[in-house]
Amino acid sequence: MKETKILAIETSCDETAAAIVVNGRDVRSNVISTQIDLHTKFGGVVPEIASRMHVEKINIVIREALEKANMTLDDIDAIGVTYGPGLVGALLVGVVAAKAIAFSKNIPLVGVHHIEGHIAANYIEDKTLEPPFLCLVASGGHTHLVYVQDYHTYEIMGKTRDDAAGEAYDKVARAIGLPYPGGPKIDALSKEGNPKAFAFPKAMISDGYDFSFSGLKSAVLNYVNSAKMKGEELPVADIAASFQHTVVEVLVTKTIALAKEKGITKIALAGGVAANSGLRAGMEEACRANGFSFSYPSLILCTDNAAMIGSAAYFEYLRGARADMTLNAVPNLPLGKKL
Ligand code: KG4
Ligand code: ZN
């Protein structure tokens, strides 16, 4: 089988990343330069700082990805790049770098949707996974139930009406004094707490397939504020465990209910929140109980990386998708829109 080697670039948020992926599932290198330490002191991602850091790091990261894969640009068959959704200034750095390489080497350019990349992380992890399947995509900016009909056709069956799951994690973490990004910290702390200590609201749990996390977030913040006003010590581990228990129950319940209704028997997770230990365990158990297969990416492939973009780019490349030098960053790019 002919090897198609894709150099993939991802700069949609606070990770400058480049990877080499062969035939969509074989990762030869996956280099990530994270800016988390820079943004932590501001409590979240500062877009202008993110763009400037991407400019500083992009060439270094691309060179390292090629070196680690033992390749040069002459070995590369196509360039894949995230062009949305994300921070416009951050996306632009990756898009411009990708266009420059594609132009100077005269090789095809493929634009990739960031969320389609997250979903494709599952193809790297589980080499036998093929659509159709139902994917719960939960990240800092998205909470979507996506029906992946084939490698190019995505249908959003449910989504958050307000905060994304990761956003709720980050805001609750901040309220209980944990640094950005809060998701992994709450996940770790929740192991020391009682998940039943607080009965936080499970918004819309049996009402359709959309999500709402702002009521849950407000309930936690209200409790924290009133405890602080009374001068009480915060039971942070119990808050973390109860919050996580609530989020996981809502995510798992809706995913399984939708799968049953649609007659889908394959479930996958994607996005930064897919790294959550409670969500992985809860979904695994529910899938086993219902006889569904279950895929989830390894930790490094859950949060932003370029290998997942290289996988998604490959399947788009096979379809014949080609971007030209007019490719631009699209901060609110809708899922499933094809170039
Ligand atoms: O996919 P991602 O790296 O960036 C976006 O596209 O948004 O996701 C980042 C989000 C952050 O909100 C972070 O707190 C959350 O994923 N996250 C987690 C965990 N690891 C990362 N949330 C819960 N538990 C985790 N273990
Ligand atoms: Zn992401």
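None of the values given here were measured: they were computed from a predicted structure.

A. Structural detail: the coordination of the zinc ion (ligand 2). Protein-derived ligands of the zinc ion (ligand 2) are His114 (NE2), His118 (NE2) and Asp304 (OD), with the metal-ligand distances lying across 2.0 to 2.1 Å. Donor residues binding the zinc ion (ligand 2) come from one chain and are separated in sequence as H-x3-H-x185-D. Of the two residues, His114 and His118 are both situated in helix H4 (residues 114–125); the distance of 4 residues between them amounts to about one turn of the helix. Of the two residues, His114 and His118, both sit in the buried class.

B. Just the domain arrangement of the protein, in detail. Examined at the domain level, the protein breaks down into domain 1 (5–120 + 301–318) and domain 2 (131–298). Between the C-alpha centres of domain 1 and domain 2 there is a distance of 27 Å. The interface of domain 1 with domain 2 comprises 18 residues on the first partner and 21 residues on the second. Summing both partners gives a buried area of about 1600 Å² for domain 1 against domain 2, and 69% of it is carried by carbon and sulfur. The tally of links from domain 1 across to domain 2 stands at 0 salt bridges. Taken together, the links from domain 1 to domain 2 amount to 6 residue pairs in polar contact (both at pLDDT 80 or more). When contributions to the side of domain 1 that touches domain 2 are tallied by element, the ones reaching two or more residues are helix H1 (36–40), H4, helix H10 (299–302) and helix H11 (307–319). The element best represented in the side of domain 1 that touches domain 2 is H4, accounting for 4 residues. Here the side of domain 1 that touches domain 2 is composed, by residue class, of 9 nonpolar, 5 polar and 4 charged.

C. Representation of the sheet that holds strand S9 (residues 266–270). The 5 strands lie next to each other as S8-S7-S6-S9-S10, forming an open sheet whose pairing is mixed. Strand pairing shows two members of the sheet lacking a second neighbour, strand S8 (154–159) and strand S10 (293–295), which therefore form its edges. For this sheet the average axis-to-axis angle between neighbouring strands, irrespective of direction, equals 25°. Here strand S6 (residues 133–138) runs beside strand S7 (residues 143–148); their pairing, made up of 6 bridges, is antiparallel. Directly across from Ala138, in S7, lies its bridge partner Thr143.

D. Local environment of the site of ligand 1. Around ligand 1, 18 residues are found, and the nearest of them are Gly140, Asp170, Gly183, Asp187 and Asn276. At a separation of 3.1 Å, an oxygen atom of ligand 1 approaches a polar backbone atom of Gly272. Asn276 is positioned with one of its side-chain polar atoms (N or O) 2.9 Å from a nitrogen atom of ligand 1. Here ligand 1 loses 89% of its free accessible area of 550 Å² to cover by the protein chains. Using a 2 Å cut-off from the grid points, one finds that ligand 1 occupies the largest pocket. Broken down by secondary-structure element, the contributors of at least two residues to the shell around ligand 1 are H4, helix H5 (165–175) and helix H6 (182–190). Here the shell around ligand 1 is built from residues that sort into 5 nonpolar, 10 polar and 3 charged. Two domains each provide a minimum of three residues to the shell around ligand 1, namely domain 1 (5–120 + 301–318) and domain 2 (131–298).

E. Molecular detail of the environment of Lys68. Inspection of the secondary structure puts Lys68 in helix H2 (residues 47–68). On the basis of relative accessibility, which here comes to 54%, the residue Lys68 falls in the exposed class. Between the C-alpha atoms of Lys68 and Val22, which are 46 residues apart in sequence, the distance is 14 Å. Once you skip the residues sitting within four places of it in the chain, Lys68 turns out to touch Arg28, Ser29 and Val31.

F. Spotlight on the sheet that holds strand S4 (residues 78–84). Taken in spatial order, the 5 strands make up an open sheet running S3-S2-S1-S4-S5, and their pairing is mixed. Lying at the two open borders of the sheet, with one neighbouring strand each, are strand S3 (26–34) and strand S5 (109–113). Averaged over all pairs of adjacent strands, the angle between strand axes in this sheet comes to 20°, irrespective of strand direction. Contacts from H4 reach strand S1 (5–10), S3, S4 and S5, with the element oriented near 95° to S5.

G. Seen up close, the packing of aromatic side chains. If you walk through the whole model with that rule in mind, you get 10 aromatic pairs. Pairing Tyr123 with Phe133 gives two aromatic rings, centres 6.0 Å apart and planes at 80°, and the pair type is edge-to-face. Taken together, the residues Tyr123 in helix H4 and Phe133 in strand S6 connect sequence positions 10 residues apart. Considered together, Tyr123 and Phe133 belong to a single accessibility category, that of buried residues. Ring centres 5.1 Å apart and planes at 40° place the aromatic pair Phe294 and Tyr296 in the tilted group. The exposure class of Tyr296 is partly exposed, given its relative accessible area of 29%. Taken together, the ring pairs in this structure connect Tyr123, Phe133, Tyr151, Tyr314 and Phe315 into an aromatic cluster. The ring centre of Tyr147 lies 4.7 Å from the NZ or CZ of Lys262, which sits over that ring.

Criteria and thresholds
Residues numbered from 1 in each chain as written. Chains lettered and ligands numbered in written order. Predicted model: local features only at pLDDT ≥ 70, side-chain atom pairs only at ≥ 80, totals over all residues. Heavy atoms only, no water. Donors = N, O, S within 2.8 Å, 3.2 Å for Na, K, Ca; no water. Helix = DSSP H or I, 4+ residues; strand = E, 2+ residues; numbered from the N terminus. Buried < 20%, exposed > 50% of the residue type's maximum accessible area, 1.4 Å probe, protein only. Domains from an automatic or database assignment. Contact = heavy atoms within 4.5 Å. Buried area = accessible area lost by both parts, 1.4 Å probe. Salt bridge = Lys/Arg side-chain N within 4 Å of Asp/Glu carboxyl O. Polar contact = N/O pair within 3.5 Å; in protein donor to acceptor, adjacent residues only side chain to side chain. Nonpolar A, V, L, I, M, F, W, Y, C, P; charged D, E, K, R; others polar. Pairing = 2+ DSSP bridges. Axes fitted to C-alpha atoms, helices over the stretch in contact; angles between N-to-C directions. Near = heavy atom within 4 Å. Areas by Shrake-Rupley, 256 points an atom, 1.4 Å probe, with all protein chains shown as cover. 1 Å grid on protein atoms, 1.4 Å probe; cavity = no way out; pocket = protein on both sides within 12 Å on 5 of 7 lines; lining within 4 Å. Sits in = over half its atoms within 2 Å of the grid points. Phe/Tyr/Trp six-rings, centres within 6.5 Å; stacked < 30°, edge-to-face > 60°. Lys NZ or Arg CZ within 6 Å of the ring centre and 35° of its normal.

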